[in-house]
Structure formats: structure tokens, C-alpha cells
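Overview (structure and organization)
Chain by chain, the residues:
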Amino acid sequence: MKFARRLDQVPPYLFAELERKIAEKEQAGIDVISLGIGDPDLPTPEPVIAALAESARDPATHQYPSNRGSRELREAASGFYRRRFGVDLDPTSEVVPALGGKEAVGHVCLALLDPGDVCLSPDPGYPPYTSGPLFAGAEVEYLPLEEQNGFLPDLDAVPAERLSAANVLFLNYPNNPTGAVVQSGLFERAVELARMHDLVVVHDNAYSEITFDGYRAPSFLETPGAKEVGIEIFSPSKGWNMTGWRSGLVVGNADVVERYRQLKTNLDSGMFEAVQHATVAALTEAEGFPREMSEIYRRRRDLVAEGLGAIGLNVDPPKATPYFWVRVPEGYTSETFAELVLEQAAVVVSPGPAYGPSGEGFFRISLTVPDERLSEAVRRIETSLQAGILNA
Ligand SMILES: Cc1ncc(COP(=O)(O)O)c(C=O)c1O
């Protein structure tokens, strides 16, 4: 059989590899604690489930939905953006449903990038910012996110010829995997550069609702001029514990929204209407739910910060996201550290390079497991580090 080569260009999806290793250990009867995947452990809020259940009983929802999404969903999204971010969105032309943020990242690349184009992607970054452009035949120019810059990219350090060849700039704050939040000036500079170089800014806002200590994450679309040059991808997955529901939004620049919608009419047949109703319930009736989730993650964050600090790991508690981005102890690489804790402690952490070459020297921990499992994981990491030192 001959397969298309495009899949060979990207490394195997990190979490597929992690899932395989976890399954192997579990089959051998080992109690594995996975802090690798950012998949909320708690249920979707009740009003969202009720809306789905009621809607699924209505036969009118059983046919192909429209790729445009229901008027009700687009208006709910527009209302949410106005209340939450102070951003006005025209529900007719500036909002379209996505089957989750991940789908949107991949398909936005197919809608915007031609072979030979350049895509500016954060490094470390959510892996589809790399696979999406590669599938479109485009080249990826990494934007290193360095600790001394607060894990923000230095947009002015991109070589001039790469900037001129670039068509898309991905940004993502609050950030996966670093947990960093945006600082003033970055979104503004992105708008300026986009105007100068005819770039489309794609801001992935998957984590805006998981924030701590009074921090409120902005929308990129709050930035003056943002809607002229870009879009935002929004998802209820993390804030409303809806990762399994495959719901999301692409909002902002009407031309980009329309192009993305057109592409999707060729690839999928829209979002199940019952899921659209459920998403409306999330954005209206259950609007306050992410604050409750944030409080739970805040408690877990403090617990982990204390635990890791006590065992000598240098941690900077994040202001947003359910992630800790931690430097590996001296003497380890990301990979040898992840191996050590998996083999000796049956704890799964994500090695930094899974998010790009600048992730070397770091690992990511996700707070999406119950408190007592987190405490147990930290205890096990401590024991494995002691064993690692003894074996060294
Ligand atoms: C940065 C980022 N964007 C998008 C997503 C995708 O979310 P979903 O496809 O569930 O909406 C994730 C999931 O982990 C993410 O970390």
C-alpha cells in the first residue's frame, strides 16, 4: 500500500504514545497516575447535559446541521463575547461553530496556507500549530518562548524574509504548555506586524476561563484593529469540562470566518444540533461555571506548588491554565526525567520537547486529576528522585 507522505512529516501525536504506555502498565496491574493529558476529570455542568438530553429527544435535531451553526448558538456566542470580553461580534458573519478548538486549528491552516507559505508557530506550543501547517504543505517558523521573556514570543526577532513569506501567526494565551499569560504590548505588536506583512493572526483562546488569583484573561479581539487581521478560536472544553463534546467557535474577521466555513462544507457536516443547544446552555445558563472550576484548579495548583517546592523542584505557580511547566532537576533531560518518573513512580508527565524543541529541559504536569491523586503523584515523584539519585 502507498500512503501519503504528509503524515510522515509529523512525529506521532504525543498523547497517543503516552496512552499506549499507560495502557501497557495498567494491563500489567500497575496503578498509573497520569498528569500527562489536560483532560478535565470532573463532569460537564448539569444545565449543559439537560440541554443536550432535551434537544436529542427532538427529532428536528436528527438531521444534518448547517455548517453555519444555528442562529441561537451564534447569538449566544456573540452575547458571551460582549459580556465577558466587551467584544462585539456580528452573529451572522463573525461567528461560526467548530468541532472543538483542535479541529479549528487544523482546518484554519488548510483554509489559509498554501504549499511554500510560512506559518509562525510558538515553540513550545500545542502540537497542531505544527502539524496543521505541515499538512497544508506550509513551512513552520518556530517562535521560541523563553522563560526570561515570560514565555512570550519576540515577534521582532523573526527574520525579515520569513516574516514576509509568512501568512499565519499562531498565538495562545493563557498558554499551553507554559501556563504563561499575555503581557501588554504583545497583541498590539501582532496587529501591527499583521498589517505590515499581510498576516492572519490566529489566537487560540482555549484557556481564557481557567484563571486564578483574580486574573481575567483577555480576548485577542479586545485589541484595537484585531478584527481586521485575525480570528480567535474559543472552546468550552476546559472551562466547562466538555472535552468529549467536540464544541468550539471560530470568531472574528468575517472573511477568514467565511473561508473556514467554506472549507468545512467540503469536509464535515456541522455540529450536532443538540450539542449546539448544549453549548448555548454553557455560554448562558452555566456562564459562571468556569469560575468554580478555576477555584478547584487553584486549590490543586497550590497543593502541587507546595509539594514540588518541598522536593526542590523550581516552580512558578501559573496564573491561568491547569498546567505547571517545570524545569527538570539537574542531571536529567526532559526524556530521562519522564522515563524515571514513569518507570519508578508510575506517574506520567509530558516531556517538554513534545511541544517543540524549546521545550527541552522542561516537563508539563496537568492538574486534571483529583487532589489526593495529585498529592500521591508528588510523593511518588519525590521517592523516584531519591531512587534516581541513589542509582546515579
Ligand atoms: C492550546 C489548545 N488549543 C486547543 C485545544 C483543543 O481543545 P478542544 O479541541 O477540546 O476544543 C487544546 C487542548 O488541549 C489546547 O491545549
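Check the entry above for the structure.
My aim in this report is to walk through the structure given alongside it, one point at a time. Since the model is a prediction, treat every value here as computed from it, not as a measurement. (Residues numbered from 1 in each chain as written. Predicted model: local features only at pLDDT ≥ 70, side-chain atom pairs only at ≥ 80, totals over all residues. Heavy atoms only, no water.)

**What about the environment of Tyr-355?**
Here Tyr-355 is to be found in the loop between strand E11 (350–351) and strand E12 (362–366). Between the C-alpha atoms of Tyr-355 and Tyr-126, which are 229 residues apart in sequence, the distance is 6.1 Å. Within polar-contact distance, the side chain of Tyr-355 engages the side chain of Ser-350 at 3.3 Å. (Helix = DSSP H or I, 4+ residues; strand = E, 2+ residues; numbered from the N terminus. Polar contact = N/O pair within 3.5 Å; in protein donor to acceptor, adjacent residues only side chain to side chain.)

**Notes on the site of the ligand**
In the neighbourhood of the ligand, 14 residues make up the surrounding shell, with Gly-101, Asp-204, Tyr-207, Ser-235 and Ser-237 lying closest. Between an oxygen atom of the ligand and a main-chain N or O atom of Lys-102, the distance comes to 2.8 Å. Contact between the ligand and Ser-235: an oxygen atom at 2.6 Å from a side-chain N or O atom of the residue. In isolation the ligand offers 400 Å² of accessible surface; the protein chains occlude 92% of this area. Here the residues of the shell around the ligand are counted per class, giving four nonpolar, six polar and four charged. (Near = heavy atom within 4 Å. Areas by Shrake-Rupley, 256 points an atom, 1.4 Å probe, with all protein chains shown as cover. Nonpolar A, V, L, I, M, F, W, Y, C, P; charged D, E, K, R; others polar.)

**Overview of helix H12 (residues 334–345)**
For H12, with twelve residues, the first-to-last C-alpha span of 16 Å sits near the 16 Å given by 1.5 Å per residue. Along H12, the positions that sit buried rather than exposed are Ser-334, Phe-337, Ala-338, Leu-340, Val-341, Leu-342 and Ala-345. Within two residues after H12, Ala-346 carries a phi angle of roughly 50 degrees, on the positive side. (Expected span 1.5 Å × (residues − 1). Buried < 20%, exposed > 50% of the residue type's maximum accessible area, 1.4 Å probe, protein only.)

**Some words on the state of the cysteines**
Summed over all chains, the structure comprises zero disulfides. You can see Cys-109 has no disulfide; the closest cysteine sulfur is in Cys-119, sitting 5.2 Å from it. Cys-109 gets classed as buried once you look at its relative accessible area, which sits at 1%. (Disulfide = S-S within 2.5 Å.)

**Let's talk about the sheet that holds strand E5 (residues 166–171)**
Here we have seven strands laid out as an open sheet, ordered E2-E8-E7-E6-E5-E3-E4, and mixed in their pairing. The open sheet has two edge strands with one neighbour each: strand E2 (95–98) and strand E4 (139–144). When the angles between neighbouring strand axes are averaged without regard to direction, this sheet yields 25 degrees. Judged from the four bridges that link them, E2 and strand E8 (residues 248–252) form a sheet pairing that is antiparallel. Its bridge partner lying in E8, Val-95 is registered against Val-251. (Pairing = 2+ DSSP bridges. Axes fitted to C-alpha atoms, helices over the stretch in contact; angles between N-to-C directions.)

**Details of the packing of helix H4 (residues 101–112) against helix H5 (residues 128–135)**
It is at 8 Å that the axes of H4 and H5 come closest, and there the two elements cross at 35 degrees. Of the two elements, H4 crosses H5, and the hand of that crossing is right-handed. On the side of H4, the interface is formed by Lys-102, Val-105, Cys-109 and Leu-110, while H5 contributes Pro-128, Tyr-129, Gly-132, Pro-133 and Phe-135. For the contact of H4 with H5, the per-class residue count stands at seven nonpolar, one polar and one charged. (Left-handed = near helix turned anticlockwise from the far one by under 90°. Contact = heavy atoms within 4.5 Å.)

**Brief notes about the pattern of salt bridges**
All chains considered together, the criterion is met by 28 salt bridges. For Glu-192, the salt bridge identified is with Arg-189, shortest N-O distance 2.6 Å. Within this pair, Glu-192 and its partner Arg-189 are both found in helix H7 (residues 186–197), separated by three residues, close to a single helical turn. Classification of Glu-192 as partly exposed rests on a relative accessible area of 39%. Connected via shared salt-bridge partners are Asp-31, Arg-373, Glu-376, Arg-379 and Arg-380. (Salt bridge = Lys/Arg side-chain N within 4 Å of Asp/Glu carboxyl O.)

**Some details on unusual backbone geometry**
Residues Asp-123 and Pro-124 are joined by a peptide bond in cis, for which omega reads 5 degrees. The linkage connecting Asn-176 with the following residue, Pro-177, adopts the cis geometry, with an omega of 10 degrees. In this structure, Thr-321 is a non-glycine residue whose phi angle is positive, near 75 degrees. With respect to the helices and strands, Thr-321 occurs in the loop between helix H11 (289–310) and strand E9 (323–327). Taking the relative accessible area as the measure of exposure, Thr-321 reaches 0% and is therefore buried.

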